[in-house]
Amino acid sequence: MTTELHRQQTSAPTKAASGTTVYAGAISSSTDLGGQQLGYLEELLDQPTTRFIGDVAAREGQRCLDLGAGRGSIARWLAGRTAPTGRVTAVDIEDTHIDVPPAVRVYRHDVNEGLPDKGPFDVIHTRLLLVHLKRRRELLAQLIDALAPGGWLVIGEFTHPRTDPVTG
Ligand SMILES: C[S@@+](CC[C@H](N)C(=O)[O-])C[C@H]1O[C@@H](n2cnc3c(N)ncnc32)[C@H](O)[C@@H]1O
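Because the structure is a prediction, the values reported are computed rather than measured. (Residues numbered from 1 in each chain as written. Predicted model: local features only at pLDDT ≥ 70, side-chain atom pairs only at ≥ 80, totals over all residues.)

**Some remarks on the site of the ligand**
And step 1. Residues in close proximity to the ligand total 22 residues, the closest being Gly68, Gly70, Ile93, Arg127 and Leu128.
And step 2. Taken together, the elements giving at least two residues each to the shell around the ligand come down to helix 1 (4-9), helix 2 (32-56) and strand 5 (87-92).
And step 3. Among the elements that line the shell around the ligand, the one with the most residues is helix 2, at four residues. (Near = placed C-beta within 6 Å. Helix = DSSP H or I, 4+ residues; strand = E, 2+ residues; numbered from the N terminus.)

Shown next as structure tokens:
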């Protein structure tokens, strides 16, 4: 399995002095530096993401999916919000850095192959993932199909010119 993220940015991987693999300006998410980079994204984006989702959803007992979960901060937050009867699934092609409680079901999975859990979900969140995927339109259709009636699909991507980074 190869991440689309890596494939798109891999032309000539090189080893930095620290031993970290650097992919032509991007960093493999499996490395320590990749984990650090995911941490910065959480610091920057978790507050607006949780504010937005918390306003409309993530209630006790709801079923949630976090796609491209990274270090797992949003899956953890969803697990706390929906406990004790909710169900949270986290999916990422790389699980080196994911840190979630045992109640969160984790799939190490390439979403180019489809969803490992078809739901239905009351909340589907995916942040900074779709932009990297060539087949994002097909995946988007699958995500919509996996929504429960009245469910929320929350997609966070950077846009240009800059607008609210967590709505789309
Ligand atoms: C830019 S990071 C964003 C992480 C997290 N969503 C966040 O915003 O903090 C993109 C994440 O998507 C994962 N990813 C990239 N390609 C993937 C694929 N084809 N299938 C599943 N996960 C993938 C990466 O491993 C990484 O954790």
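This is not the end of the story, as more comes after the structure.
**Points about the nonpolar core**
And step 1. Counting 28 residues, the largest nonpolar core has Cys64, Ala75, Leu78, Val88, Ala90 and Val123 as its most contacted members.
And step 2. Of all the secondary structure elements, the ones that give two or more residues to this core are strand 4 (63-67), helix 3 (73-82), strand 5 and strand 7 (121-127).
And step 3. Of the residues forming this core, the biggest block, five residues, is contributed by helix 3.
And step 4. When neighbours within four sequence positions are excluded, Val88 is seen to be in contact with Cys64, Ala75, Leu78, Ala79, Thr82 and Val104. (Core = buried A, V, L, I, M, F, W, Y, C linked by C-beta atoms within 7 Å. Buried ≥ 20, exposed ≤ 12 C-beta atoms within 10 Å, placed from the backbone. Contact = placed C-beta atoms within 7 Å.)

**Quick look at helix 2**
And step 1. Compared with the 36 Å implied by 1.5 Å per residue over 25 residues, the 35 Å span of helix 2 between its first and last C-alpha is a close match.
And step 2. By the largest-angle criterion, Leu45 marks the main kink of helix 2, which is about 50°, and a proline, Pro48, follows within four residues.
And step 3. When helix 2 is considered as a whole, its buried residues turn out to be Gly34, Leu38, Thr49 and Ile53.
And step 4. Immediately downstream of helix 2, the backbone of Ala58 shows phi near 65°, a positive value. (Expected span 1.5 Å × (residues − 1). Bend = angle between axes of the 7 residues up to and from the residue.)

**Observations regarding unusual backbone geometry**
And step 1. Here the bond from Ala83 into Pro84 is cis, since omega is 0°, no more than 30 degrees from zero.
And step 2. With respect to the helices, strands and loops of the structure, Pro84 is situated in the loop between helix 3 and strand 5.
And step 3. Note the cis peptide between Gly119 and Pro120, where omega equals 10°.
And step 4. Take Pro120: it is sitting in the loop between strand 6 (105-108) and strand 7.
And step 5. With a phi close to 65°, Ala58 is a non-glycine residue in the positive phi region.
And step 6. When you line up the elements, Ala58 lands in the loop between helix 2 and strand 4.

**Some points on the sheet that holds strand 4**
And step 1. The strand order across the open sheet formed by five strands is 6-5-4-7-8, and the pairing between neighbours is parallel. For this open sheet the edge positions go to strand 6 and strand 8 (147-156), each flanked by a neighbour on one side alone. On average, each strand axis in the sheet is inclined to that of its neighbour by 15°, with strand direction left out of account.
And step 2. Across six bridges, strand 7 lies against strand 8 in parallel orientation. Along strand 8, the bridge assignment pairs Thr126 with Ile155. (Pairing = 2+ DSSP bridges. Axes fitted to C-alpha atoms, helices over the stretch in contact; angles between N-to-C directions.)

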